[in-house]
Amino acid sequence: MLVVGGGIAGISVALNLAEYGAPVYLVDDTPSIGGLMARLDKTFPTNDCSICIQAPMMYEVKKKQNITLLTNTEVRRVEGSAPDFKVRLVQKPRFVDESKCKGCGKCAEACPVTVQDELDGRIGGKRKLVSIPFPQAVPNTYVVDNACRFGKKRADGACIGSCVVDCSQCRECQIAKCVVACRKEGAEAVLLWQKERIIDVRVRSIVIATGVDSYRPPEGPYGYGVFQNVLTNYQFERLMNAGGPMVGNIARPSDGKHPHRIAWIQCVGREAGAPVKYCSKVCCMIATKQSIIAKEHDPSVDAVILYNNLKAYGKGFYTFFRRAQEHGVRYVKGRPADVFENPETKALTIVFEDLDKGKVEELEVDILVLSTGLVPGTRTAKIAKALKLPLDEHGFIKEKDPICKPLETAVKGIYVCGGAGGPIDISESVSQAAAVSLKAISGGD
Amino acid sequence: MAGQKAQGAGRKAQGKEQGAGREARGNEEGTRVKGRGDAGPSQSPAPCASSLAPSPLAPCTLRPAPCRIGVFVCDCGSNIAATVDVPAVVEDARKQAGVVHAEEGKWICSVDFLSRIQNAVKEQKLDRVVVACCTPRTHEPTFKATVKEAGLNPFLLEFVSIREQSSWVHKFDRPEATRVAKDLVKMGIAKARLLEPAECVRIPVGKEALVIGGGVSGMSAAVGLAEQGIKVVLVEKTDRLGGLLNGLDMLAPHTHSAEKLVSDLEQKVKGNPQIRLFLSTQVEDIKGYVGNYKVRISGQAEPFTISTIIAATGMEELRPSGFNYGAVPTVMTLLEFERKLKTGWNPGDVAFIGCVESRNEKRGCCNVGCMAGLQAASAVRTGFPQNKVGYFYPEISLEGTGVAAFEDAVRRHGLKLFRFADDAYPTVEKGAAGLIVTARDILSGPEVRFPANTVVLITGYKGTEEAPKLKGLLKVSSDNDGFFQEAHIKLRPLDFAAEGVYLCGCARSPKDVRTSIEEGMGAAMRALIPMNKGHVESEGIVSVIDLGNCSKCGLCAKVCPYNAIELVDKAPDVIQAICKGCGTCAAECPKDCIQIIHFTDEQIGAQVEEALKEDPGQKIVAFCCHWCALGAVDMAGVNRSEYPPNVRIIRVMCSGRVDAAWVRRALELKAAAVLIMGCEFPTCHYIDGNYKAEKRVERMIKSLGKKGLPADRIRTVWLSAADGPKFVATMKALAEELEL
Ligand SMILES: Cc1cc2nc3c(=O)[nH]c(=O)nc-3n(C[C@H](O)[C@H](O)[C@H](O)COP(=O)(O)OP(=O)(O)OC[C@H]3O[C@@H](n4cnc5c(N)ncnc54)[C@H](O)[C@@H]3O)c2cc1C
Ligand SMILES: Cc1cc2nc3c(=O)[nH]c(=O)nc-3n(C[C@H](O)[C@H](O)[C@H](O)COP(=O)(O)OP(=O)(O)OC[C@H]3O[C@@H](n4cnc5c(N)ncnc54)[C@H](O)[C@@H]3O)c2cc1C
Ligand code: SF4
Ligand code: SF4
Ligand code: SF4
Ligand code: SF4
């Protein structure tokens, strides 16, 4: 069996299959498994800490004998058909030997270049050019930024900036501080000359669990990308996260001050003419969760959620929504019209139509969170292409028959689960993962 | 009764196999079937073996027969060695009673050093191994596998964390860091002396499943299992398969015929010889546990032997109150309406009212009402284009990509949509010609009066009528509305806490057909895992009860979150294969009859004594759960966050294991404070051990206070695995408060 994507859905499939007794390849194209969930703070509808409940499953993946975990690995090509797919996997170099790295971080300590973390950049996340994706990463192995090789980061002060030799030709680097620091530790794990590795496997069935992306709104509307204190829900999630770049101190990006008024605008990206044509269903609960946590950090925070239809569809969701109300979170049926910034205080004013009252109102806040939805991952499109899987009109993997044969793609022996098939929450991802495991072992329909 | 006892004995005789934890899997030649009384390992001479009988928390003394302990202390390159004086730690360890070998290693997890450890075990005949290095959360499996390969039972390994708990967090204080490391290692040695080999306990699981409920979820589960060669008993209380779908016509959002869906599945059920279908039948009695249930159903004299059970009992409509429901026959619920509509009846003009009996203080969104209601409303417009349809709602919940096309279709049907405020439901009155529905429309503003011949109440749902009875039989829990409660709403949605019982479909919570089918298959997969493996097993850390002192109070059985303790004539009996080793039973037992292997009172006691041997007044003894709390401690390490060097951490699997006697002993020994560290609420890796711990600590504070001990020095802290900073802050605050 091959499972593509190591988010909560893919991890669950791999564990189900392995416990059942089937050998599994679990492939993720990033340096660690975990997916979106590893980046979240707490999770609705119970506010369990995300990494607390996910990390044990990640370690379990690592421990299971019949799971072969391949991170930093892409699916290049698939040939054949069920029940005998020939798959070519390509493991991209991480420039650190997984079997030798002790996760000690001496390389990162030595590295002179600090850059903005792509994922947490706007809220202050930083990392070295050699870094670990997050503290609980599995595998617990550092990874060197591809951009650092061949002197490409010279302008930023990278230590190998002046070397004239091609890294792939050299085995005995004396210049790269990470290589030297690691060697000094006796581990010899940093290998700037590591090459990509081609792995050919044969599998009975394939499960696509490549997940979702958080929608990134265009710059301009609602002041996103223009006003510093306008964030997406994903950025706010990272801001709140005790394990994130701000160690859980909710602070205004403009001045690092503690915010007293926070508002959420729901359904961003679904306005007339905007690209998202469906309800992502989790964003209402994400805002609810974030508002509760903000209130728990500081009960005096004024938290307002401007929404149209509140989706509290899942088990325990409505109770969760009521819990937010009990915390004093204000839910206002409102249609936002515009957002202004006070250039001095950097506070934001939202102009909106209050549907219950039937009039236009204004609201001043310190942080504005845009509740953006879940969209198909760009890498999902890539894998769909490699596997010749049709996509639905929104760009998610298309199911053959969503009622009678859920989770089956157009190709026999290839299945989909989790966010790759459409917006979804964690609980549903895990249920789907169990169901899809049954499909994968039965191999048919 | 007699039959039951005999069966219990049979399980004991065959149910225990000796192996060695999880690693044994896949290499089963080494496992042996053993009787219960017979505890020694085959490989190790076990000179230190003691009975598992509970012993009072006596000061740690060396066992009568000498141990041969090997201690391996890691430099982790310079990660440990740069801060901790490793040679001094090694020297100190060497002096401890029972230690015959102590050694420093640059990277003790490296392949060459691991074989060095194995050689030392063999050559020096070590019978206990202590490794002092990073964190058990990542490295314990490696070392366990290593000692096992060298012929030692893996439970004779003790893991000491001196990187995360010392060198990384006391970087600027070499003497103190070294002192902490020495203490931790000595505590590990003290425990190691008392370690016992543990066995992996198994019970066999056959290939027979019971599915209760013949709706789409139950049918999908039954078919899924049967196709994998499982014998299925499918019990349906009514005289036909299909459940709710029997009352429906076209299903939203894909306009699929409900009848076709049911008949397709029905064919698969009836065509599969592995499935025995019992219609018009109820489950009368369930006894036993995973792999060995005896299930009696109505109409059958002989009970079935069943290995796993899936509850797929679906849901029922609530009975609405108000709206003239019950008084006027043309006011009906959605399901009543659907059933009538299916017969070709013309309802006239129809008003739908959404969210009846839902979205209030009692229960949430019914999850299917909007879709089902809009589907029915559209069906009226399609079948009777001249009829007017008014649709009153406070909120419309249609989500996901599947509904986009459906929403467009609904729009085209020309329904009149009115949105009322959450607290202002429409009223339904009898008018001259029929009914009048009145409400304020918040979208347009004014009050709307809509005349209708039929009023449809989109009503919320509750679990099956038999939920209370089934709940008792299955020993599971449910919410106020009779929906069954899963083990963990996110990560174990289709499992009950107890092994061997699963749930799916609307028996969990209201949902659409697609998800019900998915969950049916998912539950089948979950049930298939133990049935395909042929057994369930626990990892050796399990509960052992000595009935000698037992007063048969039954508290242990009551607190066990996994139903792993059976009461046979009121006497508790642990089904070790399904025990998860949380230890909450042991902490609860008022008579101290229960021990947890690898975390016995004696072993923990030895750690407490050792920790407080010198300068107790400077030391905080912390009982820390293996999961989130230790995660936070580790994270503080990874972040290299400094905190005062006063804490000595003793690992337990769950904060629910922490026994009042340990706390008392630590206070008697004059510890500066005792800290109980568990997972942050609501998370607990053993369902609710932390909640139990919290209550127990409250009781401890009272009772120990009365005994004149400084109970104000008992503290708790609940941490998430990302709470490194909070742990650090707690340590700093405590040290400051206690003036350490
Ligand atoms: C801000 C935010 C907050 C949220 N909060 C909650 C919450 O509180 N509760 C809740 O239930 N849900 C929440 N969600 C939703 C939750 O994150 C998703 O339901 C869940 O992550 C979906 O899991 P997944 O495994 O399907 O996808 P992902 O988590 O996206 O994982 C997909 C994995 O596949 C890998 N991958 C992608 N493409 C490829 C490829 N081509 N080849 C190999 N690997 C690939 C990725 O690297 C990733 O590891 C939240 C979402 C967001 C954005
Ligand atoms: C009015 C209405 C309209 C709907 N419309 C749609 C729609 O358009 N699209 C859609 O996707 N979904 C719709 N649904 C939801 C859909 O009906 C459910 O998702 C699906 O029927 C659930 O299947 P189930 O097997 O979980 O439960 P059920 O269908 O409720 O089946 C449970 C079965 O278990 C049996 N049972 C109960 N207790 C016992 C017991 N103690 N012993 C033995 N047997 C027992 C019951 O008799 C029943 O046969 C609608 C639901 C309703 C109420
Ligand atoms: S080569 Fe130098 S700059 Fe690049 S990652 Fe290594 S230490 Fe950092
Ligand atoms: S790896 Fe080789 S080529 Fe690259 S910087 Fe080091 S010495 Fe130069
Ligand atoms: S990772 Fe652990 S075992 Fe390995 S060298 Fe470091 S401390 Fe030692
Ligand atoms: S309470 Fe915990 S330790 Fe005791 S029997 Fe139950 S699962 Fe085992």
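These numbers were taken from a predicted model, which means no experiment stands behind them.

### A look at the sheet that holds strand E4 (residues 99-105) of chain B
Residue and element names in this part refer to chain B. Here four strands make up an open sheet; going across it, the order is E4-E3-E5-E6 and the pairing parallel. This sheet does not close on itself; its edge strands, each paired only once, are E4 and strand E6 (157-161). Adjacent strand axes in the sheet meet at a mean angle of 15°, parallel and antiparallel pairs treated alike. Pairing of strand E3 (residues 69-74) with strand E5 (residues 128-133), which is carried by five bridges, proceeds in the parallel orientation. Within E5, the residue paired with Ile-69 across the bridge is Arg-128. Of the strands in this sheet, E3, E4 and E5 touch helix H3 (residues 111-123), which is tilted by about 170° from E4. Where helix H6 (residues 174-193) meets the sheet, it contacts E3, E4, E5 and E6, and its direction lies at approximately 165° from that of E6.

### Digging into helix H1 (residues 8-20) of chain A
Residue and element names in this part refer to chain A. Given a rise of 1.5 Å per residue, 13 residues ought to cover 18 Å, and the 18 Å separating the end C-alpha atoms of H1 matches this to within 8%. In terms of burial, H1 is a largely internal element, 12 of the 13 residues being buried. Within H1, burial applies to Ile-8, Ala-9, Gly-10, Ile-11, Ser-12, Val-13, Ala-14, Leu-15, Asn-16, Leu-17, Ala-18 and Tyr-20. Taken from the residues just after H1, Gly-21 is the one with a positive phi, measuring 120°.

### Topic: the interface of chain B and chain A
Where interface size is given, it is often the accessible area lost as the parts come together that is meant. With 84 residues of chain B at the contact, the number on the chain A side is 80 residues. For the pair chain B and chain A, the summed buried area comes to about 6800 Å², and 57% of that belongs to carbon and sulfur atoms. Of all residues in chain B, the largest losses of buried area upon contact with chain A belong to Lys-490, Leu-491 and Arg-514 of chain B, amounting jointly to 11% of the total for that side. Counting across the interface, chain B meets chain A through four salt bridges. With its nearest N and O atoms 2.6 Å apart, the salt bridge here joins Glu-399 of chain A to Arg-514 of chain B. If you look at where chain B meets chain A, you find 24 residue pairs in polar contact (both at pLDDT 80 or more). Looking at the side of chain B that touches chain A, the element that brings in the most residues is helix H13 (residues 513-533) of chain B, giving 14 residues. Here the residues of the side of chain B that touches chain A sort into 35 nonpolar, 23 polar and 26 charged.

### Looking at the sheet that holds strand E21 (residues 367-372) of chain A
Residues and elements named next belong to chain A. Spatially, the seven strands line up as an open sheet ordered E15-E21-E16-E17-E18-E19-E20, and their pairing is mixed. Single-partner strands in this sheet number two, and they are strand E15 (230-232) and strand E20 (359-365). Taking each pair of neighbouring strands and ignoring which way they run, the sheet shows an average axis angle of 40°. Both strand E16 (residues 261-268) and strand E17 (residues 302-307) contribute to a ladder of five bridges, which runs parallel. Bridged to Arg-261 within E17 is Asp-302.

### Topic: the domain arrangement of chain A
All names here are of chain A. Under the domain assignment, chain A is made up of domain 1 (2-92 + 197-212 + 375-442), domain 2 (106-184) and domain 3 (217-372). Its C-alpha centre places domain 1 at a distance of 29 Å from the equivalent point of domain 2. On the domain 2 side, the residues contacting the 12 residues of domain 1 number nine residues. Here domain 1 packs against domain 2, burying approximately 980 Å² in sum over the two surfaces, 68% of which is carbon and sulfur.

### Considerations on the domain arrangement of chain B
Domain annotation of chain B identifies domain 1 (1-16 + 600-740), domain 2 (48-198), domain 3 (204-316 + 463-536) and domain 4 (331-459). One C-alpha centre belongs to domain 2 of chain B, the other to domain 4 of chain B; they are set 69 Å apart.

### A look at the pattern of salt bridges
This model, assessed by the stated rule, comprises 70 salt bridges over all chains. Of the charged contacts in the structure, one is a salt bridge between Glu-668 of chain B and Arg-665 of chain B, with a shortest N-O distance of 3.0 Å. Highlighted residues: Glu-668 of chain B and Arg-665 of chain B, both in helix H18 (residues 660-668), separated by three residues, approximately one helical turn. Judged by its relative accessible area of 18%, Arg-665 of chain B falls in the buried class. Sharing partners across several salt bridges, the network here consists of Arg-252, Asp-255, Arg-261, Glu-364 and Asp-366 of chain A.

### A word on the site of ligand 6
Close to ligand 6 lie 14 residues; Cys-560, Cys-579, Cys-582, Gly-583 and Cys-585 of chain B are nearest. Residues belonging to the shell around ligand 6 are distributed by class as follows: nine nonpolar, four polar and one charged.

### Points about the state of the cysteines
Applying the stated criterion across every chain, the model contains one disulfide over all chains. Paired by a disulfide, Cys-49 of chain A and Cys-52 of chain A hold their sulfur atoms 2.4 Å apart. One quick way to see it: the torsion about the S-S bond of Cys-49 of chain A and Cys-52 of chain A is about 85°, and its sign makes the bridge right-handed. Accessibility classification places Cys-49 of chain A together with Cys-52 of chain A in one group, the buried group. You can see Cys-550 of chain B has no disulfide; the closest cysteine sulfur is in Cys-593 of chain B, sitting 5.1 Å from it. Overall, Cys-550 of chain B belongs to the partly exposed group, its relative accessible area being 22%.

### Things to note about the packing of helix H7 (residues 216-227) of chain B against helix H8 (residues 258-270) of chain B
Residues and elements named next belong to chain B. The geometry of H7 relative to H8 is characterised by a closest axis approach of 10 Å and an angle of 35° between their N-to-C directions. For the pair H7 and H8, the crossing hand works out as left-handed. Taken together, the residues of H8 that come into contact with H7 (itself represented by Val-216, Met-219, Ser-220 and Val-223) are Leu-261, Val-262, Leu-265, Glu-266, Lys-268 and Val-269. Taken together, the residues of the contact of H7 with H8 sort by class into seven nonpolar, one polar and two charged.

Conventions adopted
Residues numbered from 1 in each chain as written. Chains lettered and ligands numbered in written order. Predicted model: local features only at pLDDT ≥ 70, side-chain atom pairs only at ≥ 80, totals over all residues. Heavy atoms only, no water. Pairing = 2+ DSSP bridges. Helix = DSSP H or I, 4+ residues; strand = E, 2+ residues; numbered from the N terminus. Axes fitted to C-alpha atoms, helices over the stretch in contact; angles between N-to-C directions. Contact = heavy atoms within 4.5 Å. Expected span 1.5 Å × (residues − 1). Buried < 20%, exposed > 50% of the residue type's maximum accessible area, 1.4 Å probe, protein only. Buried area = accessible area lost by both parts, 1.4 Å probe. Salt bridge = Lys/Arg side-chain N within 4 Å of Asp/Glu carboxyl O. Polar contact = N/O pair within 3.5 Å; in protein donor to acceptor, adjacent residues only side chain to side chain. Nonpolar A, V, L, I, M, F, W, Y, C, P; charged D, E, K, R; others polar. Domains from an automatic or database assignment. Near = heavy atom within 4 Å. Disulfide = S-S within 2.5 Å. Left-handed = near helix turned anticlockwise from the far one by under 90°.

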